[in-house]
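Understanding the architecture of this molecule
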Amino acid sequence: MLYVQDPKGQYLPAPKEVIFSAARRLSGSRLRRGAMIESSQSARFAIQQKLIGYQCEMFACLFLDSTHRVLAFKEMFRGSVSRATVHPREVVKEALQLNASAVVFAHNHPSGASEPSKNDIELTEKLAKILLVVDVIVLDHLIIGESVTSMADEGVFSSLNL
C-alpha cells in the first residue's frame, strides 16, 4: 500500500492516479538506456506500466544491444480498440538505426485479455523472420491486458529466451 501525506500531515492511502504515476516513474528507470534486461520477467516489469491504460492498441519495441542492455523503448504504432497495424519495414528501420541486436515486442489489449491472438502469433513469427535477415533476434512478445503474457515463456513462438 502506498500512502501520501495530506495538508494536515495525516497519511492516507494514495489515490489510483498517484500509484500509477509512481509506477510509471519506476518503470521508466528500468527502460533507461543501458539498463539490463535479464529475463522475460524484467522485461515485463519494465514495459507493462508503459502500455496500461491506453484505450486503443499500442505496439511498442524494446530495442537491446548484444548484452541485452536497453538501447531504446519506442511506442511505434497506435491502432483501434482491437487492432494495430504494424509495418515491418519501420521496425527494421528503427532496429538498424539503433544498431540493435535484439528486440522485445509488446502491445496492449484494451479488452483486458492477455492471451495472444492468431494474428499476434503470425505477426511475431513474420517479424522474427524478417529481423533475422539483419541479425536482430526477437526475444519475446508481451501481451498486456489485466495480466501480462510472455509469448516466449508460453512457448507460443520459437524464440531464444532472455
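Notes on the structure in this doc start here. Since the structure is predicted, the reported quantities are computational estimates derived from the model, not experimental observations. Here the residue numbers are simple positions, counted from 1 along each chain's written sequence. Restriction of local features to residues with pLDDT of at least 70 applies here, the model being predicted, together with a cutoff of 80 or more for giving and counting side-chain atom pairs; totals for whole chains, interfaces and linings are based on all residues. For side-chain calculations, the full set of non-hydrogen atoms in the structure is used, while hydrogens and water are omitted.

**Notes on the pairing of strand S6 (residues 137–144)**
Type-normalised accessible area, obtained with a 1.4 Å probe on protein chains alone, sets the label of each residue: buried when under 20%, exposed when over 50%, and partly exposed for intermediate values. Comment: elements are numbered from the N terminus, with helices defined as DSSP H or I runs of at least four residues and strands as E runs of at least two. For S6, the buried fraction is high: 7 of the 8 residues fall into the buried class. Clockwise travel from the first strand over the helix to the second, with the strands pointing away from the viewer, marks a crossover as right-handed. Remark: the strand S5 (residues 102–108)/helix H4 (residues 118–133)/S6 crossover connection has right-handed handedness. For S6 and strand S7 (residues 148–150), the ladder comprises 3 bridges, and the chain directions are antiparallel. Note that in S7 the partner of Leu142 across the bridge is Ser150. Where S6 hands over to S7, the hairpin turn is made up of 3 residues, counted between the paired strands. Pairs of strands are assigned from DSSP output, requiring at least two bridges between the strands.

**Quick word on the packing of helix H3 (residues 88–98) against H4**
Where H3 contacts H4, the axes come no closer than 10 Å and their chain directions differ by 45°. As far as their axial angle goes, H4 and H3 are oblique. The way H3 lies across H4 gives a crossing that is right-handed. Counting all contacts with H3, which are made through Pro88, Val91, Val92 and Ala95, the residues of H4 involved are Lys126, Leu127, Ile130 and Leu131. Nonpolar residues are Ala, Val, Leu, Ile, Met, Phe, Trp, Tyr, Cys and Pro. Charged residues are Asp, Glu, Lys and Arg, and all others, Gly as well, are polar. Residue composition of the contact of H3 with H4, by class: 7 nonpolar, no polar and 1 charged. Here an axis means a line fitted to C-alpha atoms, over the contact stretch when the element is a helix, while the angle between two N-to-C directions is reported on a 0 to 180 degree scale. Working definition: roughly parallel below 35 degrees, roughly antiparallel above 145 degrees, roughly perpendicular at 65 to 115 degrees, and oblique for all remaining angles. A crossing counts as left-handed when the near helix is turned anticlockwise from the far one by less than a right angle, and as right-handed when that turn is clockwise. Contacts are assigned to residue pairs that have any heavy atoms within 4.5 Å of one another.

**Details of the pattern of salt bridges**
For side chains bearing opposite charge, pairing can occur when the charged atoms are close. Should a side-chain nitrogen of Lys or Arg be within 4 Å of a carboxyl oxygen of Asp or Glu, the pair is scored as a salt bridge. Taken as a whole, this structure holds 4 salt bridges when the rule is applied. With a closest N to O distance of 3.3 Å, Lys74 and Glu94 form a salt bridge. Placement of the pair is Lys74 in strand S4 (residues 70–78) and Glu94 in helix H3, with a sequence separation of 20 residues. For Lys74, a relative accessible area of 31% gives the class partly exposed.

**Considerations on the sheet that holds S5**
Strand pairing in a sheet relies on backbone hydrogen bonds, with the paired strands running either antiparallel or parallel. Taken together, the 5 strands give an open sheet; going across it, the order is S4-S3-S5-S6-S7, and neighbouring strands pair in mixed fashion. Of all the strands in the sheet, the pair left with one neighbour each is S4 and S7. With strand direction ignored, the average angle separating the axes of adjacent strands in the sheet is 20°. By the bridge criterion, 7 bridges tie S5 to S6 in an arrangement that is parallel. Paired with Val103 across the bridge in S6 is Val138. Against the sheet, H3 touches strand S3 (58–64), S4 and S5, its axis set at about 160° to S4. Sheet strands in contact with H4 are S3, S5 and S6, and its direction is about 160° off that of S6.

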